[in-house]
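So you can see what is in the structure, the chains are spelled out below.
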Amino acid sequence: MLHELDDREVDLLDRLFPHLAGLVLDQVEDVAGSVRIVARTGSEMVACRSCQMPSSRVHDRYRRRLQDVAYGGRPVEVMLEVRRFICGNLGCPIVTFAEQVHGLTAMYQRRTVGLRGLLERIALALAGRAGARMASGLGAVVSRITLIRMVRAMPDPEIGQVTVLGVDDWAKRRGQSYASVLVDMDGHRIIDILPDREAGTFAEWLRAHPGVEVICRDRGGPYSMGGREGAPNAQQVADRWHLWDNLGEYVKKTVAAHHSCVKEHYAVLKQAAAEQAPDPGQTAERATAAQAESRSRVVRARRLYEQVQALKAEGRHIAAITRELRISPVTTRRYFHAESVDELVAAPLAGWPSMLDDYKVHLHQRWNSGCTNIKQLHREIAMQGFRGTYWTVYRYLAPFKGSAAPAAVPSPPKVRHITSWIRRRPDNLDADEQVKLKEVRAACPHLDILRGHVEEFAKMMTGRHGERLDAWIAAVRTDDLPYLHTFANGLERDHAAVLNGRMLPYSSGAVEGKVCKILNF
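Figured I'd write up the structure that's included with this text.

## Quick look at the overall build of the chain
Turning to step 1, where the next piece is worked out: Scanning the chain from terminus to terminus reveals 23 helices and 13 strands.
Turning to step 2, where the next piece is worked out: Every one of the 521 residues in the chain was classed for burial, and the buried ones make up 38%.
Turning to step 3, where the next piece is worked out: Counted over contacts in the chain with a minimum sequence separation of 6, partners at least 24 positions apart contribute 57%.
Turning to step 4, where the next piece is worked out: Surface summary for the chain: the accessible area is close to 29,500 Å², and the carbon and sulfur share equals 52%.

Here it is in structure tokens:
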């Protein structure tokens, strides 16, 4: 539908589209569910955009198609006829210029100022794909790339005065390219991104933005050096979480260095349990007798054992036997080195599968307490996390029928488990973990001393007792813990920042949160 507007319709459009006020509205057209408004400018004098000298000399006219904010869910398009003027100032570098309508048009834009502002707000809130879907629902068709381009074209906000600054690095490409994010800790907002994490770049930024009084950072050397060079009067704060994390790395190295003590302790316990256990030969005989001679598995095992031993007597090696009998090298090796066929038949019954290592103590205790129902025991350890079958448990417990199970010795705890127990609060350890940590500390004096130092460091950090730092470093140096000595050396080199981290209320938590948001963008 196309018609000329009367005065009443013009007045109505002025109220519905106030940003079109001052234009001469000619027509309204309904095109496939969208609204098209035909208008033209009416001013006689227009100021030059370069020298601001008014001009009335029209060079030519042309029509602009502007996408406007949708009304009632229907897209709106403005067909605007504009004029190009000749500048009358002979010294002006611009010969001709196009007129712009304030609040409606901008140079080189096919969207009105109002629609562009709406899309920019959507892009800032939702970014690419989500923003494009939101804009489509509002009647403005736009691609995700256009929204991202709008965000990049927006001017950076004014940084202003920053008193407390947070800095941290983030990986643009892990292991190859890194950048630095700067956060205003008072408002928890990102104020700038540096292209790298070098000390010189950070120092240059600080010199260009004076007034920083506190710098929150991690233990990285470039930020420490850059802070001293760019803002020598600012207090540097080493983040408490990074201190605790750095200590954890040295604790793990210390535990790994003394893990052999723990292994020796468990080896002694296992040897003592082995001396009390039934004779392996008797266990094999009992297990072999329990097998029916008519079972096909036993028959096949005896026949294969005879074949392998016959070829072995002829002087054949394992590879030749494997090719001739067409069996796996692992099976050939087992049958080649077996002393008797009973050893092969009873091996699955007498062996201790690795998947049962964490549940042997429970199985032995329940067996010796009178519960010899293997199905019940399988259900119990399955509830504790065992993922093996019933037959795995059966083959393990069958040799103990009619007798008591020997004392089960669990495997030595791993380095990461011991490190976790040492670093955690005592009341955060369950009863089993407390017992295991007590055994570890008893097995190795170095780990016992390590636990004491870590506990004291944690109390000093949570209570913000910075005055105890020097005493803690001195206590560490008296013990034979080289990795903790290295950690103490780092604390002394960064003494002022570490001390501020324990006494001032600042941390880099907000910076870490912003880094996570950047990585998830």
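## Considering the sheet that holds strand β13 (residues 235-238)
Turning to step 1, where the next piece is worked out: One open sheet accounts for five strands, arranged β11-β10-β9-β12-β13; its pairing is mixed. Across the chains shown, the open sheet's two edge strands, defined by having one partner strand only, are β11 (189-194) and β13. Strand-to-strand twist across the sheet, computed as the mean angle between neighbouring axes with direction ignored, equals 30°.
Turning to step 2, where the next piece is worked out: In terms of strand pairing, strand β12 (residues 214-217) meets β13 through four bridges, oriented parallel. Following the sheet pairing, Ile215 is matched in β13 by Gln236.
Turning to step 3, where the next piece is worked out: The strands that helix α5 (residues 199-208) touches are β9 (164-173), β10 (177-184), β11 and β12; relative to β11, the one it contacts most, it runs at about 125°.

## Considerations on the packing of aromatic side chains
Turning to step 1, where the next piece is worked out: With the rule as written, the count across this model stands at ten aromatic pairs.
Turning to step 2, where the next piece is worked out: Judged by centre distance (5.2 Å) and plane angle (65°), the rings of Tyr390 and Trp391 are edge-to-face.
Turning to step 3, where the next piece is worked out: The exposed category is assigned to Trp391, whose relative accessible area is 52%.
Turning to step 4, where the next piece is worked out: Judged by centre distance (5.7 Å) and plane angle (70°), the ring pair of Phe457 and Phe487 falls under edge-to-face. With a gap of 30 residues between them, Phe457 in helix α19 (residues 445-462) and Phe487 in helix α21 (residues 482-493) connect regions that are remote in the sequence. Phe487 shares its class with Phe457; the two are buried.
Turning to step 5, where the next piece is worked out: An aromatic cluster is built from Tyr250, Phe457, Trp472 and Phe487, whose rings are joined through pairwise contacts.
Turning to step 6, where the next piece is worked out: Taking NZ or CZ as reference, Lys312 lies 4.7 Å from the ring centre of Phe336, over its face.

## So, the side chain of Asn246
Turning to step 1, where the next piece is worked out: Note on placement: Asn246 falls in helix α7 (residues 240-257).
Turning to step 2, where the next piece is worked out: Once residues within four sequence positions are removed from consideration, Asn246 is found in contact with Arg219 and Phe487.

## Concerning the pairing of β12
Turning to step 1, where the next piece is worked out: The side-chain alternation of β12 yields two buried faces, one formed by Val214 and Cys216 and the other by Ile215 and Arg217.
Turning to step 2, where the next piece is worked out: Bridging between β9 and β12 involves three bridges; their strand directions are parallel. In the strand pairing of β12, Leu165 is matched with Ile215.
Turning to step 3, where the next piece is worked out: For the crossover that starts at β12, traverses helix α6 (residues 221-230) and ends in the parallel β13, the hand is right-handed.

## Overview of the state of the cysteines
Turning to step 1, where the next piece is worked out: A complete count under the given rule lists zero disulfides for this structure.
Turning to step 2, where the next piece is worked out: In this model Cys87 remains outside any disulfide bridge; the closest cysteine sulfur is found in Cys51, 3.6 Å from its own.
Turning to step 3, where the next piece is worked out: Cys261 takes part in no disulfide bond, and the closest cysteine sulfur, belonging to Cys444, lies 3.9 Å away.

## A short note on the pattern of salt bridges
Turning to step 1, where the next piece is worked out: The final tally for this structure, using the stated rule, is 18 salt bridges.
Turning to step 2, where the next piece is worked out: Note that Glu433 and Arg424 form a salt bridge whose closest N and O atoms lie 3.0 Å from each other.
Turning to step 3, where the next piece is worked out: According to the relative accessible area criterion, Arg424 is partly exposed, its value standing at 28%.
Turning to step 4, where the next piece is worked out: With a closest N to O distance of 2.6 Å, Arg441 and Asp448 form a salt bridge.

Cut-offs and rules
- Residues numbered from 1 in each chain as written.
- Predicted model: local features only at pLDDT ≥ 70, side-chain atom pairs only at ≥ 80, totals over all residues.
- Heavy atoms only, no water.
- Helix = DSSP H or I, 4+ residues; strand = E, 2+ residues; numbered from the N terminus.
- Buried < 20%, exposed > 50% of the residue type's maximum accessible area, 1.4 Å probe, protein only.
- Contact = heavy atoms within 4.5 Å.
- Areas by Shrake-Rupley, 256 points an atom, 1.4 Å probe, with all protein chains shown as cover.
- Pairing = 2+ DSSP bridges.
- Axes fitted to C-alpha atoms, helices over the stretch in contact; angles between N-to-C directions.
- Phe/Tyr/Trp six-rings, centres within 6.5 Å; stacked < 30°, edge-to-face > 60°.
- Lys NZ or Arg CZ within 6 Å of the ring centre and 35° of its normal.
- Right-handed = clockwise from strand over helix to strand, strands pointing away.
- Disulfide = S-S within 2.5 Å.
- Salt bridge = Lys/Arg side-chain N within 4 Å of Asp/Glu carboxyl O.

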